[in-house]
Amino acid sequence: MGAVPRAGRLAASLGVGSSGSPQTHSLFPLDIMSNGGDQRSQACAKPTFSEAQACAVVESVFGLKVSKIQPLPSYDDQNFHVCISRTKDTTGGPTEYVLKISNTESSKTPDLIEVQSHIIMFLQAAGFPTASVCRTKGDNITSLMSVDTGSEIKSYLVRLLTYLPGRPIAEIPIGPQLLYEIGGLAAKLDKTLEKFHHPKLRCLHRENFIWNLKNVPLLEKYLYALGQDQNCEIVKQVIRLFKDEVMSKLTHFRECINHGDLNDHNILIESSKSASGDAMYHISGILDFDDMSYGYYVFEVAITIMYMMIESKNPIQVGGHVLAGFESIIPLTPVERGALFLLVCSRFCQSLVMAAYSCQLHPENKEYLMITAKTGWKHLQQMFDMGQKAVEEIWFNTAKSYASGISM
C-alpha cells in the first residue's frame, strides 16, 4: 500500500456489491478460478494487465464499448483512463471512467473494499465530490478476475468508477486560502463519517496497516532500505520519540475514520476567473480511499499538513493554514495539538521509508515512487533543525490569526 509515492493514483477505492460477494470472471486464456495458490507469491503482486486486457474487462464485465484506453500512474494497483462510445443504453451518462485493478493482496479483502465503497457513496450523497460507481452487468460493484501467468493463477478485483474533472493540486502553487479549504475538507470528511454505519465497519480496524499513523514503530523492519546514512538516523529518532511521546497519548486522542491519504495528487481542483480576472480554484474531486482506517482526528490533519508541505516553497508556513481550516470544523484539544509536530514528522518518515523500500521491490518504477523524496528529506530535516517549539509557534500563531479575522 502507500502514501505519498502513491500520489498520482487517480482512482478512489470502490468495492463489492450489496451482497458482499464479488462477481467472478476469468481473463484469457483462463477458464478456471484460483483456489488460493501460493499466498506468498500472490501477496501484493501488482497487476500487469495490457491495454487490450483492460479493454476486454470493461466491455465484458461492465458492458461498455471502449473508444480509447490508456494507463494512469499507480503505486501498487493498476489504473486505466477509459473513454467509451455512446450507445442507446448510455445516452446521457458519463463517457469517461477509471478502471481500477487491485493488487492481489487487496483483492483478498472484499469486505474492506465493500466498506470503502459504501463510504464513498455515503460521502457523495452528503455532497462531497467523490466518484460514482459503475455497476457490472450482474449489478455488482466489483468483479474478481483470474489471470493465468503461466506459472500460477492470480486473482484481482476490478472496479469501474467515473472519471472526476479537474487536475491535481500538485500542478499549481497552493496559496493560504486553498490550504485553509483543504484543512476544512479534511475535517468535514471525518466529521461526516461520524454518521456512517455498516455491518462490516470493523474492517477499518486495520491493526498492522503500515499507513496508519499509530503503526509508525512498524517502520523499523523496513529501515534497511535506507542504508546507514543520516536519513536513517533521523527516522530512528522519530520512531523513538513516537514510542515515548505519542503511544501513551493515543487514548487521549478522539477516534474517527480517517481518509488517510489526502495528498496533493488525491485532491483535484478546477479554476474559474474572479471579478478581477484572477484565477480562483475550487475543489472538484477527492480520490483514493484505499488507506481508510480507524484513526484519530489529529492523524488526519497531520497527514494533510505533511502532504501539503511537499511542493510548497514555504513548507513550514503550510501547517498553520491547514490547521486553521481543520479547526474551523473540529478544534483540536491541547493534547492533540501537542502531538501534531511529531505526527507530521512521523508521516514524512512513513512515506520516505516505504518509498525507499518499494524502490527495491520495483526499481523500474523508481521515478514515480520517489516523488516525495525529492523534497521530503529536506523538509523533515528543516523541521528537526528548527525544533518543535519554533515550528509550533508558526503554526499556532497562523491558526490564531484566522480566528481573529486577520489571516497571515
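Only a predicted model underlies this, so the values are computations on that prediction, with no experimental measurement involved. (Residues numbered from 1 in each chain as written. Predicted model: local features only at pLDDT ≥ 70, side-chain atom pairs only at ≥ 80, totals over all residues. Heavy atoms only, no water.)

### Description of the state of the cysteines
In step 1: Tallied over the entire structure, the rule returns zero disulfides.
In step 2: Cys345 takes part in no disulfide bond, and the closest cysteine sulfur, belonging to Cys349, lies 7.0 Å away.
In step 3: The class of Cys345 is buried, set by a relative accessible area of 0%. (Disulfide = S-S within 2.5 Å. Buried < 20%, exposed > 50% of the residue type's maximum accessible area, 1.4 Å probe, protein only.)

### Describing the packing of helix α7 (residues 315-327) against helix α11 (residues 388-403)
In step 1: Orientation of α7 relative to α11, taken along the N-to-C sense of each, is 45 degrees, at an axis distance of 8 Å. Comparing their axes, α11 and α7 come out oblique. Where α7 crosses over α11, the two elements pack in a sense that is right-handed. Every residue of α11 that contacts α7 at Ile316, Gln317, Gly319, Gly320, His321, Leu323, Ala324 and Glu327 is listed here: Val391, Ile394, Trp395, Phe396, Thr398, Ala399 and Tyr402. (Axes fitted to C-alpha atoms, helices over the stretch in contact; angles between N-to-C directions. Helix = DSSP H or I, 4+ residues; strand = E, 2+ residues; numbered from the N terminus. Parallel < 35°, antiparallel > 145°, perpendicular 65-115°, else oblique. Left-handed = near helix turned anticlockwise from the far one by under 90°. Contact = heavy atoms within 4.5 Å.)

### Some details on the side chain of Ser107
In step 1: Along the chain, Ser107 turns up in the loop between β4 (96-101) and α3 (110-125).
In step 2: Beyond its immediate chain neighbours, meaning those up to four positions away, Ser107 contacts Ser102, Ser155, Tyr156 and Leu157.

### Some points on the environment of Glu181
In step 1: By the element assignment, Glu181 lies in helix α4 (residues 176-192).
In step 2: Residue classification places Glu181 among the partly exposed residues on the basis of a relative accessible area of 32%.
In step 3: As a C-alpha pair, Glu181 and His321 span 140 residues in sequence and 8.7 Å in three-dimensional space.
In step 4: Ignoring sequence-local partners within four residues, the contact set of Glu181 consists of Tyr281 and Ile283.

### Topic: the packing of aromatic side chains
In step 1: In total, this model carries eight aromatic pairs according to the counting rule given.
In step 2: With a centroid separation of 5.5 Å and 85 degrees between ring planes, the pair formed by Phe49 and Tyr156 is classed as edge-to-face. Here Phe49, found in the loop between α1 (39-42) and α2 (51-61), pairs with Tyr156, found in strand β7 (residues 153-162); they are 107 residues apart in sequence, far enough to count as distant. As far as burial versus exposure is concerned, Phe49 and Tyr156 are alike and both buried.
In step 3: With 5.4 Å between their ring centres and 70 degrees between their planes, Phe122 and Phe196 make a pair best called edge-to-face. Of this pair, Phe122 sits in helix α3 while Phe196 sits in the loop between α4 and α5 (230-245); the two residues are 74 residues apart in sequence, bridging distant segments of the chain. (Phe/Tyr/Trp six-rings, centres within 6.5 Å; stacked < 30°, edge-to-face > 60°.)

### A closer look at the confidence of the model for the chain
Any segment with low pLDDT has predicted coordinates that should not be analysed in fine detail.
In step 1: Here the chain shows a mean pLDDT of 85. Residues at 70 or above account for 85%.
In step 2: Every residue in residues 1-21 scores below 50 in pLDDT, and together they form 115 contacts with partners more than four places removed in sequence or on other chains.
In step 3: In the model, residues 26-43 has pLDDT below 50 throughout and makes 42 contacts with residues more than four positions away in sequence or in other chains. (pLDDT = per-residue confidence, 0-100.)

### Thoughts on the pattern of salt bridges
In step 1: Following the criterion strictly, the structure yields 14 salt bridges and no others.
In step 2: Close ionic contact of Glu114 with Lys200 constitutes a salt bridge, the shortest N to O distance being 2.9 Å. On the criterion of sequence distance, the pair formed by Glu114 in helix α3 and Lys200 in the loop between α4 and α5 is long-range, its members being 86 residues apart. Accessibility assignment for this pair places Glu114 and Lys200 in one class, buried.
In step 3: Two residues, Arg135 and Asp139, come together in a salt bridge whose shortest N-O distance is 3.8 Å. (Salt bridge = Lys/Arg side-chain N within 4 Å of Asp/Glu carboxyl O.)

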